[in-house]
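Structural overview for review
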Amino acid sequence: MNNNNNIPRRDFLLGGLLGTAALVEGCSEPKNPFAQDEVVLTGEKVKLLSVDGQIIEIDRAFLKPVPDVPHLSNAEERQGVAGKKFIMVIDLARCKNLKKCQSACNHMHQVHPGQNWIKVLGMEDADHTAPYWQPTTCMHCDEPPCVKVCPVDATFKRQDGIVLIDSDRCIGCRFCMAACPYSTRVFNWEEPVLTQEVAEQPYSCETSMPQKKGTVGKCDFCPDMTRKGELPHCVSACPNGVFMFGDLNEDSVTNGAETFRFSDLIKDRAGYRLMEDLGTKPSVYYLPPVNRNFPYEAGLENENSEETKK
Amino acid sequence: MNTSSNDKQITDDLMPQKFSKSGMIWVGILSTICVIGAYAYYRQLRYGLGVTSMRDYVSWGIYISNFVFFVAISLVGSLITAIFRLANVAWSTPLTRIAEIIAVSAITFASLIIIVDMGRPERLYNLFAHGRLQSPIAWDVIVITTYLFISLFLLYVPLLPDLKIMNQQKNKNSAWQNKIYIFLGSFWKGNSEQVKISDKIINILCIMIIPVAFCIHTVTSWLFATTYRPGWDSTNFGAYFISGAFLVGAGGVIVAMYVFRKHYHLEKYITELHFEKMGRIAVMLSLIYLYFNINEYLVPAFKMKKSEAAHLAELFTGEFSIMFWFAIMVGMIIPIFIMLFKKGRKPLPMFITGIMIVVGAWFKRYLIVTPTLLHPFLPMQNVPDNYKHYFPSWEEWAITMGSLAGALLIVTFFVRIFPIIPIHETITEQNEKDHSK
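Report on the accompanying structure. The model shown is predicted, which means the values in this text are computed figures rather than measured ones.

Residue and element names in this part refer to chain A. Scanning the entire structure with this criterion turns up 32 salt bridges over all chains. Its salt-bridge partner being glutamate 57, residue lysine 47 comes within 3.6 Å of it at the nearest N-O pair. Of this pair, lysine 47 sits in strand S1 (residues 45-49) while glutamate 57 is found in strand S2 (residues 55-59), placing the two residues 10 residues apart along the sequence. The exposure class assigned to glutamate 57 is partly exposed, which follows from its relative accessible area of 48%. Note that arginine 269 and aspartate 91 form a salt bridge whose closest N and O atoms lie 2.9 Å from each other. With arginine 269 in helix H10 (residues 262-269) and aspartate 91 in strand S3 (residues 86-91), the pair connects residues that are 178 residues apart, well separated along the chain. Looking at aspartate 91, the relative accessible area reads 2%, which means it is buried.

As structure tokens, then:
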């Protein structure tokens, strides 16, 4: 809970160099590492079982929720989970353009109204070819063009394959947005609309929240969820099991209900990646829209009338 | 006796003059535009980049095209000062300072406008605290800073003999002017040792500035060419940008030459010969730029790859076609035809041509940046309708116009304080000419 107190040494030194103004800010509330937590007693007692088996009573004011993810330093968040290589498989034969992935993602990350980290694109590659619905996330490329061009290391590639953004460092030059061929990145053009709870929580690259004005955001593969061993929000929100998430090293992916051997799935279903010719080496694989569960037209109900195919 | 009276005449002609009435109005208008721009920037700082019309697809707008324009026009400093000097082009002497102050003011505002484009300008120091050399932005920061300092020195060192002349005529200047002259140039005695050092410095700077000038615009073109996008993904970009930059810079100098000549009655110093010569150079530069434009557009248009096709169609016949053909015709082809004729290289037609080149070049930069962003690889869907179009908001126009006005203000104030045509060099050349007779 004391995330703010862990001022990285480098930042602290830099703050010192930048002069007293920064130093004063660093020591004022709520960042003061020496301040005692003020507890106002409520008078209401709660019975608890202590570690050695005794029943004890404490004031309700001392009860604090235990964070479900241990606090990680910025350096740990930048490193990622050792031994993992996260991948996603998107089965186009199952997508009906319900956009549940999108709404779950927007809700959980409090994406600015109108913007989306996940887009479900109505694709038609050419005249006389079959249209299909294509959910599009960040590709978490192994050769990420966005990371190449970032001048301040604000967007980076982790050892577990995830490409993240550090909104505390991003200078808002938007070079990464120009560099990304998948147009996956969005920018916080205005002050983000956040619930108070999120606005008050300390920033983390893994939750990508709270988002910050003047910085870039994008699909992050929900590393806070995967660290807990849970699936990203889009995967669990999809009722049709379109998204499968997993670890390349374990050679398995799952949508929650079904689990597949990744290599078999790709081999049997002729999986492919987007824009292979660019050499970006995405971590997101697509299964072609053959033997579909739904006709393309079934997805049109959910499409705004003003949005047409390419 | 004759020479010294001649010298005095030259000095009197070229001394900086107080603003006339029209000069005051000019400064007033420019300052007003700057103030409006500053207010627009205040709004942008307060409400975020949301006050602009840029959105997720068009994430770079006129700020970036204006930045490219400024970097482009600043290249002229290296052309006229350095390349001409190293090539022993004698007639360019009266133009060197004009070119150099245009370079300095343009590159200053290029740096400012790129900060305006940042979402978090207060984090600029991250470029140094966390800078990564692999990013073309880091290269741009390095070369633009280098170019700014070399240009400042190239403006300053040749100014020293003139500062001495100004210091000798204290009674003719206002007190604040004398303070500036003393601060900047009181150490300059003009003895042979100092002249030797200064000549050496100028020579070194002239050689240094040429590769740096090529770097600033090549790196600026790489901000685009290092991406995959149709219209930017081009190996032609570096040369294409540099040729365009020399052209717009030459256009800027031609306009400035005409204005200074007219306003300060410098007909004796900026002669018709200068317009004639600059005209010939501008024709050559236009032809080179046209050549790179043909490479840039017609080769992809021959193939019409899917990703390029939509972009090119939009430029040639679509939404941007009027602006595209305006920029090509007014910025290149019509100027070539005007300046090919001897009558076209007279001062007034040259002035008009210069304006055409500069205006055409500004729109050309807009066309390089924006249409490409409206043609991403994946279709523009799942976004509000205003994300699919771009027309700059009033704040963007105000800031852009403010930056252009600010660059002109720097030039204007410079001319108010310092002689825009090098006095000392003009006198020396005059005397050499007399002697050879």
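So, next bit.
What follows concerns the side chain of threonine 215 of chain A. Structurally, threonine 215 of chain A is set in the loop between helix H7 (196-200) and strand S9 (216-217). Engagement of the side chain of threonine 215 of chain A in a polar contact is seen with the backbone oxygen of lysine 212 of chain A, the distance being 2.7 Å. Among all residues touching threonine 215 of chain A, those that are not within four sequence positions of it are Ser167, Cys170, Val186, Phe187 and Asn188 of chain A together with Arg120 and Arg123 of chain B.

Quick look at the interface of chain A and chain B now. Counting from both sides, the interface comprises 57 residues of chain A and, opposite them, 47 residues of chain B. Taking both sides of the interface into account, the surface hidden between chain A and chain B amounts to around 4400 Å²; carbon and sulfur atoms contribute 53%. Area buried by chain A at its contact with chain B is led by Ile171, Phe175 and Trp189 of chain A, which between them contribute 17% of it. Along the contact surface separating chain A from chain B lie two salt bridges. Across the pair arginine 174 of chain A and aspartate 117 of chain B runs a salt bridge whose closest N-O atoms are separated by 2.7 Å. At the junction of chain A with chain B, the criterion picks out 34 residue pairs in polar contact (both at pLDDT 80 or more).

In this description, an aromatic ring pair is defined by two values, namely the gap between the centres and the angle between the planes. Inspection of every chain in the model, using the stated rule, returns 39 aromatic pairs over all chains. Considering the side-chain rings of phenylalanine 316 of chain B and phenylalanine 324 of chain B, the 5.5 Å spacing of their centres and the 55° angle between planes classify their relative orientation as tilted. Both residues of the pair, phenylalanine 316 of chain B and phenylalanine 324 of chain B, belong to the buried class. An aromatic cluster is present here, built from Phe175 of chain A together with Trp60, Phe224, Trp232, Phe237, Tyr240, Phe241 and Tyr289 of chain B joined pairwise through their rings.

Residues and elements named next belong to chain A. Across the sheet, five strands lie side by side as S12-S11-S10-S3-S13; this open sheet has mixed pairing. Looking at which strands have only one partner, the edges of the open sheet turn out to be strand S12 (259-261) and strand S13 (284-287). Neighbouring strand axes in the sheet, compared pairwise and without regard to direction, differ in orientation by 25° on average. Note that S3 and S13 share four bridges and pair parallel. Bridge pairing in S13 links valine 89 to tyrosine 285. On top of the sheet, H10 reaches S3, strand S10 (243-247), strand S11 (252-254), S12 and S13; it is set at about 80° to S12, its chief contact.

Further remarks concern the packing of helix H3 (residues 62-74) of chain B against helix H11 (residues 237-263) of chain B. All names here are of chain B. Between H3 and H11, the shortest axis-to-axis distance is 7 Å and the interhelical angle comes to 75°. One way to sum up the angle between H3 and H11 is to call them roughly perpendicular. The residues of H11 that touch H3, namely those facing Val68, Phe69, Ala72 and Ile73, are Phe241, Ala245, Val248, Gly249 and Gly252. A class-by-class count of the residues in the contact of H3 with H11 yields seven nonpolar, two polar and no charged.

Calculation rules
- Residue positions within a chain follow its written sequence, with the count starting from 1.
- Whichever chain is written first is A, and whichever ligand is written first is 1; the rest continue in order.
- Given that the model is predicted, a residue must reach a pLDDT of at least 70 before its local features are reported, and side-chain atom pairs must reach 80 or more before they are shown or counted; all residues, however, enter totals for whole chains, interfaces and linings.
- Excluded from the side-chain calculation are hydrogens and water; included are all heavy atoms of the structure.
- Salt-bridge detection follows one rule: a side-chain nitrogen of Lys or Arg within 4 Å of a carboxyl oxygen of Asp or Glu.
- Strands are runs of DSSP state E lasting at least two residues, helices are runs of H or I lasting at least four, and both sets are numbered from the N terminus onward.
- For every residue, the accessible area (1.4 Å probe, protein chains only) is compared with the maximum for its type, and the residue is labelled buried under 20%, exposed over 50%, or partly exposed between those bounds.
- Here a polar contact is recorded for every N or O atom pair within 3.5 Å, except that within protein the pair must consist of a potential hydrogen donor and a potential acceptor, and residues adjacent in sequence are included only if both atoms are side-chain atoms.
- Contacts: residue pairs with any heavy atoms within 4.5 Å of one another.
- Summed over both partners, buried area is the accessible surface (1.4 Å probe) that two parts give up on being assembled.
- Pairing of aromatic side chains here covers Phe, Tyr and the six-membered ring of Trp, requires ring centres within 6.5 Å, and sorts the geometry by plane angle: under 30 degrees stacked, over 60 edge-to-face, intermediate tilted.
- The pairing criterion for strands is at least two bridges between them, as found by DSSP.
- An axis is simply a line fitted to the C-alpha atoms; with a helix, the fit covers only the stretch in contact. Between two such axes, the angle follows the N-to-C directions and lies from 0 to 180 degrees.
- Between 65 and 115 degrees an angle is taken as roughly perpendicular, under 35 as roughly parallel, over 145 as roughly antiparallel, and anywhere else as oblique.
- Residues are grouped as follows: Ala, Val, Leu, Ile, Met, Phe, Trp, Tyr, Cys and Pro are nonpolar; Asp, Glu, Lys and Arg are charged; every other residue, Gly included, is polar.

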